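As a plain string of letters, each chain reads:
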Amino acid sequence: MTAGEAFLEKARNRLQSTSYSRAIWMGLIGSIVLTITSHSVGAVRARGGIMQVIGLSSFTFSHAAGMMTVVMWFALLAMVLSWIIIGRHILIHGATLRRSAIAAWIGPLALAGPLMSRDIYSYLMQGTLARDGFNAYEVGAAANPGPLLFEVSADWRNTTTPYGPLHMGLGRAITSITGDNITAGILAFKLVSIASVLVMAWAVAQLATHLGVRPDVAMWLGVFNPLSVLHLIGGMHTENLMMALILVGCHCAMRLRPVPGGLAAAALIGVAAALKATAFIALPFVVWIMVARIAAPLPYTEGKRRWLGLADTWRRFGTLIWTGLASAATCIGVLALITVATQQTWGWVTEVTGNSKVINPLALPSFIASTLEPFLSRINDDLTFNVLVDAIRPVSSALMLVGLVIAWWLFRHDEHTAFTGMAVAYAITCVFNTVTLPWYYASVLTLMGTFRPPLHLIKLTTGVALFIGVAFSGDGNHQLYNWWWDIAMVVAAWSATQWIFDGVDATPHPPAHATADATSGEAKKPRPARAE
């Protein structure tokens, strides 16, 4: 055994022997240190800020900032290791996801500055536009100069917003209370973010229980993974509230009577769409849930043929028509009411596709263009990156629409397949969309916890959450074109995933019951538990 192999084996054994309680302390310390460093090397303010107030602004630049960046990455590593170790306790020993672990991960972040993104400053700025009578669908932040304008990236100061009327109404409400106090505004959005993630966790646990999945695994994988914690709470992105509304709506569709439950879900999706248009993707699958509950699931034979079966009954077809129309009318009606109530316009509809400035390889068009450009530009100087990406994006968008329709049709059989299809549809959107950012994947991850995918797919999801979760640095700049970083993170994510699931039973069986005390979270009988 080489020295490197010996070191890795020793580290593996050390992690494997780490107790649940020690892992919680590791996560707490990491979260506290991350909170402290966020005010130095996070998405810090251009003017003012806590570090300037306490006389430590020198830690936000130069060599001191470099040292703080190293400290931040060690804090991130501690949080990720905490999540990995606790996940293994849940998967292997049947332990529960303790509330103390959740509090350790997200509690300190309530006082953190913006992390991994500067979008929160744009959210506040858009709120001031609505507050001061400007139409954010026609003018950018530069139309309303003030303290917040200096915090908005220069790239976005003349860009209109693609977000819906509820997003504008929320920003208006917060900035009407906090005024131009940026710290207070960030704290208000942080509280909304934490509350939204906790609602997501509750809804995911409820849906997982109903669908025969272990809720602890569902919450660990789908809600409290590094990507969601860092970007939905640290970055305070709109996806947190959007997904909370969608998941509560899905819970209504599953647990209430078919028609009231389905229409309640459609209404909540309408509220979510008033935040961000991608919420609409969930609506067609809610319709399939209604159809399955009212007109019975679609009969199919076992095997691969079940995905190609066309023997929908006339009853299911009729139910599909009226539930689809009723759901669409409810969703659009709620959206229209919110538009009127927030005194906004429908201008966001034309602005949805306007965000094309962001370039990173998470979006397939950007990945293809950046891969081909070095070779094609040598053949023809006119084939620049911009030319290639402008040509690829329309094709990718068309493929995305086709993929969404195919996913909706293939996963039409019953409640379980509807949730699978919903996750597939959001994954298609993330891959083929013109622009993709890490927090977009939160919609896929949360849904992955609600149904029982194959073990290899759970492994893939875990690895993706680890890789994308650390793809951005604290100030919001990504590392995705740093190939050495990418290779190292892929190897690290793959190794961590292999270790987490080493010994997990892939054979389908019902979820284990009463394996852990609900109060302490300690496993009564350590035994392998399937990741279901």
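Residues numbered from 1 in each chain as written. Predicted model: local features only at pLDDT ≥ 70, side-chain atom pairs only at ≥ 80, totals over all residues. Heavy atoms only, no water.

Asker: Break down the overall build of the chain for me, citing the residues and quoting the values.
Answerer: Counting secondary structure elements, the chain contains 21 helices and zero strands. Over its C-alpha atoms the chain spans a radius of gyration of 23 Å, differing by no more than 12% from the 24 Å that the globule rule assigns to 532 residues. In terms of overall dimensions, the chain has a C-alpha envelope of 70 × 65 × 60 Å along the principal axes. By residue count, 51% of the 532 residues in the chain fall in the buried class. The contacts in the chain between residues at least 6 apart in sequence include a share of 77% that link residues at least 24 apart. As displayed, the chain offers around 23100 Å² of accessible surface, 68% of which is attributable to carbon and sulfur atoms. (Helix = DSSP H or I, 4+ residues; strand = E, 2+ residues; numbered from the N terminus. Rg over C-alpha atoms; globule rule 2.2 N^0.38 Å. Buried < 20%, exposed > 50% of the residue type's maximum accessible area, 1.4 Å probe, protein only. Contact = heavy atoms within 4.5 Å. Areas by Shrake-Rupley, 256 points an atom, 1.4 Å probe, with all protein chains shown as cover.)

Asker: Explain the environment of Gly 66 to me, using residue names and the numbers behind them.
Answerer: Secondary-structure assignment places Gly 66 in helix α4 (residues 62-93). The spatial distance from the C-alpha of Gly 66 to the C-alpha of Ile 85 is 29 Å, given a sequence separation of 19 residues.

Asker: Tell me about the packing of aromatic side chains, residues and numbers included.
Answerer: Counted by the stated rule, this structure contains ten aromatic pairs. Judged by centre distance (4.4 Å) and plane angle (15°), the rings of Trp 83 and Trp 220 are stacked. One end of the pair, Trp 83, is in helix α4; the other, Trp 220, is in helix α9 (residues 215-222), with 137 residues separating them in the sequence. Here the aromatic cluster, defined as three or more aromatic residues joined through ring pairs, consists of Tyr 123, Tyr 163 and Phe 189. Looking at Arg 88, its charged tip hangs above the ring of Trp 499, at a distance of 5.0 Å from the centre. Above the face of the Tyr 20 ring, Arg 98 is positioned so that its terminal group lies 4.0 Å from the ring centre. (Phe/Tyr/Trp six-rings, centres within 6.5 Å; stacked < 30°, edge-to-face > 60°. Lys NZ or Arg CZ within 6 Å of the ring centre and 35° of its normal.)

Asker: So what's going on with the confidence of the model for the chain? Residues and values would help.
Answerer: Per-residue confidence for the chain gives a mean pLDDT of 86, with 90% of residues at or over 70. Scored below 50 in pLDDT, residues 303-309 makes nine contacts in the model with residues more than four places away or belonging to other chains. A low-confidence stretch, residues 507-532 stays under pLDDT 50, and its non-local contacts, those more than four residues away or across chains, total 71 contacts. (pLDDT = per-residue confidence, 0-100.)

Asker: Account for the nonpolar core, naming residues and giving values.
Answerer: Within the largest apolar cluster, 121 residues are counted, with the highest numbers of intra-cluster contacts made by Leu 34, Ile 86, Leu 97, Trp 220, Phe 224, Ile 246 and Phe 419. No other element matches α4, which puts 14 residues into this core. With near-sequence residues (within four places) excluded, Ile 86 lies in contact with Tyr 20, Ala 23, Ile 24, Leu 97, Ala 101, Trp 105 and Trp 220. Counting residues in hydrophobic clusters, the runner-up holds 15 residues, among them Leu 124, Met 125, Tyr 163 and Phe 189. (Core = buried A, V, L, I, M, F, W, Y, C linked by side-chain atoms within 4.5 Å.)

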